[in-house]
Amino acid sequence: MLSAAARSPAGSPGILFLPSDATAPPVEWAIADGLVDYQAAVAEMESRAAAIAEGRAAERVWLVEHPPLYTAGTSARDEDLLAPDRFPVFRTGRGGQFTYHGPGQRVAYVMLDLSRRRRDVRGLVTALEAWLIGTLGRFNVRGETRPDRVGVWVRRPERGDDAEDKIAAIGVRLRRWVSFHGVALNVDPDLEHFSGIVPCGVRRYGVTSLVDLGRPVSMPEVDSMLRAEFERVFGTTDSTP
């Protein structure tokens, strides 16, 4: 997970991450059926990212759900894995620390060619945050970023003036200026599953979801809003089988 200090204000041109060529093909938009094996997903991402870098494939966003598991980014600390035998643990090359994936969480793997957009890693992270914040806004949830913490956060004033929870994580990797891995938005996962780790190394705050916040939305509803907001920030998409 990459830090995104010095972010552009929401709604400013700085959040846009459009292709530099207005005639560029649309980004493929794919939704997986059922639960996707994590290792198979990583292999698929790496293969597609290589094809994009070589000009053999279009950019792609792949929406999946995984069986319950923990992943460790390149900055993960062993002491933040509190229940090592609870779920499978996968070491991964994305930035960041420990995170959880499982049913009810929408994971979006984002394979974009920054050479076709702009070679700006911080700009990419800012755009991913704007995408998530815009999606949450469509459900009347105010998502926010923090200069010292990655991801998207919501305030919980019912628990105190400074209480807040994390609702979405961001963790990306680049190879030959093509991104992979991406974002994870909590729609209705089992929040207790997060107790086996210190999510993203942050001990002070909790984790929430759209349903936990009183927004009983379905995954297809979330997918529809994710697509609309993605197109606003990143450009047009095209559905794939």
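J.: What is the right way to read the packing of aromatic side chains from this model?
T.: Centre-to-centre distance and the angle between the planes together describe a pair of aromatic rings. Applying the stated rule across the entire model yields 12 aromatic pairs. Ring geometry for Trp-131 and Phe-234: centres 6.2 Å apart, planes at 80°, overall edge-to-face. Here the residue Trp-131 occupies a position in helix 2 (residues 121-137), and Phe-234 occupies one in helix 3 (residues 219-234), the gap between them amounting to 103 residues. Side by side, Trp-131 and Phe-234 carry an identical accessibility label, which is buried. Here a set of aromatic residues connected by ring pairs shows up, and it is made of Phe-17, Trp-29, Trp-131, Phe-230 and Phe-234. The side chain of Arg-149 reaches across the aromatic face of Trp-153, ending 4.4 Å from its centre.

J.: Where do I start with the side chain of Asp-223 in this structure?
T.: Mapped onto the secondary structure, Asp-223 falls in helix 3. Residues within four places of Asp-223 in sequence aside, it is in contact with Trp-29, Ile-31, Leu-63 and Arg-106.

J.: Hey, could you run me through helix 3 in this one?
T.: One turn of the α-helix equals 3.6 residues, which is why residues spaced by three or four share an orientation. Taking 1.5 Å of rise per residue, 16 residues should cover 22 Å, and helix 3 covers 21 Å from first to last C-alpha, within 8% of that figure. Every buried residue of helix 3 is listed here: Met-219, Val-222, Asp-223, Leu-226, Glu-229, Phe-230, Val-233 and Phe-234. End-on view of helix 3: buried residues confined to an arc of 140°, all on one side of the axis. Here the buried face of helix 3 lies against strand 1 (27-35), strand 2 (60-65), strand 6 (105-111), helix 2, strand 10 (178-186) and strand 12 (237-239). At the exit of helix 3 stands Gly-235, carrying a positive phi of roughly 115°.

J.: I tried to follow the packing of helix 2 against helix 3 on my own but got confused; where do I start?
T.: Each pair of packed helices can be described by the angle between their axes along with the distance between the axes. Between helix 2 and helix 3, the least distance of the axes is 9 Å, while the angle of their chain directions is 140°. It follows from the interaxial angle that helix 2 and helix 3 lie oblique. As helix 2 packs across helix 3, the resulting crossing turns out to be right-handed. Every residue of helix 3 that contacts helix 2 at Leu-124, Ala-127, Leu-128, Ala-130, Trp-131, Gly-134 and Thr-135 is listed here: Met-225, Leu-226, Glu-229, Phe-230, Arg-232, Val-233 and Phe-234.

J.: I'm lost on the sheet that holds strand 4 (residues 89-91) in this one. Help?
T.: Two strands in a sheet stick together by hydrogen bonds in their backbones, pointing the same way (parallel) or opposite ways (antiparallel). As summarised here, the arrangement of the three strands in space is 4-3-5, forming an open sheet in which the pairing is mixed. Here the strands that pair on one side only, and so sit at the sheet edges, are strand 4 and strand 5 (98-101). Strand-to-strand, the axes of this sheet are offset by a mean angle of 25°, without reference to chain direction. Sheet topology note: the strand 3 (residues 69-72)/strand 4 ladder contains three bridges and is parallel. Paired with Ala-72 across the two strands is Arg-91, which belongs to strand 4.

J.: Just checking my understanding: could you explain the confidence of the model for the protein chain for this structure?
T.: Detailed reading of the predicted model is not advised wherever pLDDT is low. When the pLDDT values of the protein chain are averaged, the result is 90; 91% of them are 70 or greater. Low confidence marks residues 1-13, where pLDDT is under 50. Its contacts with residues over four positions away, or in another chain, come to 34 contacts.

J.: Any chance you could explain empty space enclosed by the protein here in plain terms?
T.: Left-over empty space is what a probe sized like a water molecule reveals as it rolls over the atoms. Considering all chains together, one arrives at two cavities of 30 Å³ or more under this definition. Of the pockets and cavities examined, the largest cavity occupies roughly 110 Å³. For the lining of the largest cavity, the secondary-structure elements that each account for two or more residues are strand 5, strand 6, strand 9 (164-175) and strand 10. Top contributing element to the lining of the largest cavity by residue count: strand 10, with four residues. In terms of residue class, the lining of the largest cavity is made up of eight nonpolar, six polar and one charged.

J.: Hey, could you run me through the pattern of salt bridges in this one?
T.: Pairing of side chains with opposite charge becomes possible as their charged atoms draw close. Applying the stated criterion across every chain, the model contains 26 salt bridges. For Glu-79, the salt bridge is made with Arg-77, and the minimal N-O distance between the two is 3.8 Å. Across the salt bridge formed by Asp-120 and Arg-118, the nearest N and O atoms sit 3.4 Å from each other. For Asp-120, a relative accessible area of 27% corresponds to the partly exposed category. Judged by relative accessible area, Arg-118 falls into the partly exposed class, the value being 31%. Salt bridges sharing partners connect three or more residues here, namely Arg-142, Glu-144, Arg-146, Asp-148, Arg-149, Arg-155 and Glu-164.

Rules used throughout
Position numbers for residues start from 1 in each chain and track the written sequence from start to end. For a predicted model such as this one, the threshold for reporting local features is a pLDDT of at least 70, and the threshold for listing and counting side-chain atom pairs is 80 or more; totals across whole chains, interfaces and linings nevertheless cover every residue. Based on all heavy atoms of the structure, the side-chain values leave hydrogens and waters out of the count. Pairing of aromatic rings covers Phe, Tyr and the six-membered ring of Trp, with a centre-to-centre limit of 6.5 Å; geometry is then stacked below 30 degrees between planes, edge-to-face above 60, and tilted otherwise. Segments assigned H or I by DSSP are reported as helices when at least four residues long, segments assigned E as strands when at least two residues long, and all are numbered from the N terminus. To sort residues, take the accessible area from a 1.4 Å probe on protein chains only and compare it with the maximum for the residue type: under 20% means buried, over 50% means exposed, and anything in between is partly exposed. When the NZ atom of lysine or the CZ atom of arginine is within 6 Å of a ring's centre and also within 35 degrees of its normal, the charge is said to sit over that ring. We call two residues in contact whenever any of their non-hydrogen atoms come within 4.5 Å of each other. Residue count minus one, scaled by 1.5 Å, sets the expected span of a helix. Taken from the helix axis, the directions to the C-beta atoms give the arc we talk about. Geometry is summarised by axes, namely lines fitted to C-alpha atoms with helices restricted to the contacting stretch, and by angles between N-to-C directions that run from 0 to 180 degrees. Angular relationships are summarised with four words: roughly parallel below 35 degrees, roughly antiparallel beyond 145, roughly perpendicular across 65 to 115, and oblique for the angles in between. A clockwise turn of the near helix away from the far one marks a right-handed crossing, whereas an anticlockwise turn of less than a right angle marks a left-handed crossing. The rule for pairing is simple: two strands pair if DSSP sees at least two bridges between them. Looking at any residue, its pLDDT shows the predictor's confidence there, from 0 to 100. Lining residues are defined by having an atom within 4 Å of a point belonging to a cavity or pocket. Those points lie on a 1 Å grid over the protein atoms alone, cavities being sets where a 1.4 Å probe fits but cannot get out and pockets being open sets with protein on both sides within 12 Å along at least five of seven lines. Grid points are joined across faces, edges and corners, and a volume is the space filled by probe spheres set on the points. Amino acids outside the nonpolar list (Ala, Val, Leu, Ile, Met, Phe, Trp, Tyr, Cys, Pro) and the charged list (Asp, Glu, Lys, Arg) are all regarded as polar, and Gly is one of them. What counts as a salt bridge is simple: a side-chain nitrogen of Lys or Arg found within 4 Å of a carboxyl oxygen of Asp or Glu.

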